[in-house]
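Architecture at a glance
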Amino acid sequence: LAKKMGGGQYQHFHTSLSDQALQRMEVEAGLKQALQKGELRVYFQPQVDMRNGRITGTEALVRWQHPEKGLLMPGAFIPIAEETRLIIDLGNEVMRQACQQQVEWYRAGFNPGRVSVNLAGAQIHEADLVESVQNVLHQTGCKPQWLELEVTEGFIMQDTARTVPTLKQLKEMGILLSIDDFGTGYSSLTYLKRLPVCRLKIDQSFVRNSAMDPNDLAIIEAIIALANKLDLELIAEGVETEEQKKLLLQAGCPHAQGYLYGKPMPALELMEMLRENQTGTA
Ligand code: C2E
Ligand code: MG
Ligand code: MG
Ligand code: MG
């Protein structure tokens, strides 16, 4: 095939492939250092009850404060970390920072609700996930009731014989489990009943188009009905407009996370938001 495409094209293909490999190695090496040097930051995005504007919790989202490239978004390094064991250290570091922050906020008299931390597939399949979580809680003094863990459908379904017992143990500890990006994965509905899951996060792709596309609104309505039937909590991701808010409220999903209420922000900014939010007038 390379011959058929001609020498020039083959050359190009070859070069771009090695560039990619090089870039990966660079990110991987840099990330290892970033973990040691403490360059990973946790941003917090508020989750709100749209009926009254109250902050009910936050999601912890990782950022990399790169010494030369500035603030990097997860899309630039999470996929690479996921291909290596680094994702486990990274995930533990994010959990640790998030839990530590929770303790600070509660001690300062705020009520940030639960903090929701994303789990990568490798973390769920790791034999000592439960132990890692226990360690973080122990080290930080964070209560299990202040922590929520998010997993995607695909990761749970990969090996239910192993993942389900692990998730059950976490639930027994008092940690809430939610399914992230719900509706975009394998969505075998029968497993939902069997999983120790408490909350579905409606994927933002449905929310984004809900105002224009009746099909997306129909999917949202179906997810809401499903959650109600199975007695699961619900939150909609990616709420950006008043119109989306209205549609979600009408459909029966009052909990949301999205730019309409706040982008992911440093802890200090979220604390300011909590201060305003919880003194009554917000
Ligand atoms: P996610 O867990 O589904 O997180 C929600 C993403 O949607 C975040 O992007 C958030 O900034 C973005 N978002 C929230 N509201 C809106 C909105 O109204 N409009 C738009 N356009 N976007 C919105 P972010 O922070 O770039 O993170 C992307 C993904 O990276 C996350 O998706 C998650 O899968 C992954 N990720 C982030 N932090 C971690 C982490 O600590 N560990 C792991 N394993 N994955 C992480
Ligand atoms: Mg998430
Ligand atoms: Mg999501
Ligand atoms: Mg995601």
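Up top is the structure.
What you are looking at is a predicted structure, and each value in this text was computed from that prediction instead of being measured.

A few words on the packing of aromatic side chains. Tallying each qualifying case throughout the model produces three aromatic pairs. Their ring planes at 85° and their centres at 5.6 Å tell us that Trp64 and Phe77 sit as a pair that is edge-to-face. With a gap of 13 residues between them, Trp64 in strand S2 (residues 54-66) and Phe77 in the loop between strand S3 (70-72) and helix H3 (78-82) connect regions that are remote in the sequence. Here the two residues Trp64 and Phe77 agree in accessibility, since each one is buried. We note Lys263 situated over the ring of Tyr259; from NZ or CZ to the ring centre the distance is 4.8 Å.

Let us look at the site of ligand 1. Ligand 1 sits among 22 residues. The nearest are Arg63, Asp180, Gln204, Glu240 and Tyr259. Note that an oxygen atom of ligand 1 is positioned 3.0 Å from one of the side-chain N or O atoms of Glu59. Between Glu237 and ligand 1, the recorded distance is 3.5 Å, taken from a side-chain N or O atom to an oxygen atom. Within the complex, the protein chains bury 82% of what would otherwise be the 810 Å² of accessible surface of ligand 1.

Protein coordination at the magnesium ion (ligand 3): the donors are Asp180 (OD), Asp181 (OD) and Glu237 (OE), at 2.1 to 2.3 Å from the metal. Expressed as a motif, the donor residue spacing for the magnesium ion (ligand 3) is D-D-x55-E. Metal-to-metal, the separation of the magnesium ion (ligand 3) and the magnesium ion (ligand 2) is 4.1 Å; Asp180 coordinates the two. Separated by 57 residues along the polypeptide, Asp180 in strand S6 (residues 176-182) and Glu237 in strand S8 (residues 233-237) bring together distant segments of the chain. Neither residue differs from the other here; Asp180 and Glu237 are each classed as buried.

Let's shift gears to the pattern of salt bridges. Per the stated rule, a full pass over the model turns up 12 salt bridges. Between Glu83 and Arg24 there is a salt bridge whose closest N-O contact spans 2.5 Å. Taken together, the positions of Glu83 in the loop between H3 and helix H4 (86-107) and Arg24 in helix H2 (residues 7-37) put the pair 59 residues apart, joining distant regions of the chain. When its relative accessible area of 52% is taken as the criterion, Glu83 is described as exposed. Residue classification places Arg24 among the partly exposed positions, given a relative accessible area of 33%. Asp49 is the salt-bridge partner of Arg51, the closest N and O atoms lying 3.0 Å from each other. Taking relative accessible area as the criterion, Asp49 reaches 9% and is therefore assigned buried. One network of salt bridges, in which partners are shared, links Glu59, Glu150, Lys201 and Glu237.

Here we come to the coordination of the magnesium ion (ligand 2). Six octahedrally arranged donors around a metal ideally form angles of 90 or 180 degrees; four tetrahedrally arranged donors ideally form angles of 109.5 degrees. Bound to the magnesium ion (ligand 2) on the protein side are Glu59 (OE), Asn118 (OD1), Glu150 (OE) and Asp180 (OD), at distances that span 2.0 to 2.3 Å. Expressed as a motif, the donor residue spacing for the magnesium ion (ligand 2) is E-x58-N-x31-E-x29-D. Accessibility expressed as a relative area gives 2% for Glu59, which makes it buried. Here Asp180 falls in the buried class, since its relative accessible area comes to 9%.

Turning our eyes to something else, we now look at a positive patch on the surface. Taken together, Lys168, Lys171, Lys193 and Arg194 make up a surface patch of like positive charges. Elements that contribute at least two residues to the positive patch include exactly helix H8 (160-172) and helix H9 (189-194). In this structure, Lys171 sits in helix H8. Lys171 sits in the partly exposed class, given a relative accessible area of 41%.

Next up on the list: the layout of surface pockets. Roughly 800 Å³ of internal volume is contained in the largest pocket. If you trace the largest pocket, you find 35 residues lining it, with Glu59, Leu61, Pro74, Asn118 and Asp180 closest to the centre. Taken together, the elements giving at least two residues each to the lining of the largest pocket come down to S2, H3, H4, strand S4 (114-118), strand S5 (147-152), S6 and helix H10 (204-209). Taken together, the residues that form the lining of the largest pocket break down as 16 nonpolar, 10 polar and nine charged. Considering only enclosed or pocket space, the second largest pocket measures out at about 240 Å³ in volume. Among the secondary structure elements, those contributing two or more residues to the lining of the second largest pocket are H2 and S2.

Rules used throughout
- Residues numbered from 1 in each chain as written.
- Chains lettered and ligands numbered in written order.
- Predicted model: local features only at pLDDT ≥ 70, side-chain atom pairs only at ≥ 80, totals over all residues.
- Heavy atoms only, no water.
- Phe/Tyr/Trp six-rings, centres within 6.5 Å; stacked < 30°, edge-to-face > 60°.
- Helix = DSSP H or I, 4+ residues; strand = E, 2+ residues; numbered from the N terminus.
- Buried < 20%, exposed > 50% of the residue type's maximum accessible area, 1.4 Å probe, protein only.
- Lys NZ or Arg CZ within 6 Å of the ring centre and 35° of its normal.
- Near = heavy atom within 4 Å.
- Polar contact = N/O pair within 3.5 Å; in protein donor to acceptor, adjacent residues only side chain to side chain.
- Areas by Shrake-Rupley, 256 points an atom, 1.4 Å probe, with all protein chains shown as cover.
- Donors = N, O, S within 2.8 Å, 3.2 Å for Na, K, Ca; no water.
- Salt bridge = Lys/Arg side-chain N within 4 Å of Asp/Glu carboxyl O.
- Patch = residues over 30% accessible without salt bridge, like charges linked within 9 Å, V, L, I, M, F, W, Y side chains within 5 Å.
- Lys, Arg positive; Asp, Glu negative; His and termini not counted.
- Charge placed at Lys NZ, Arg CZ, Asp CG, Glu CD.
- 1 Å grid on protein atoms, 1.4 Å probe; cavity = no way out; pocket = protein on both sides within 12 Å on 5 of 7 lines; lining within 4 Å.
- Points joined across faces, edges and corners; volume = space filled by probe spheres on them.
- Nonpolar A, V, L, I, M, F, W, Y, C, P; charged D, E, K, R; others polar.

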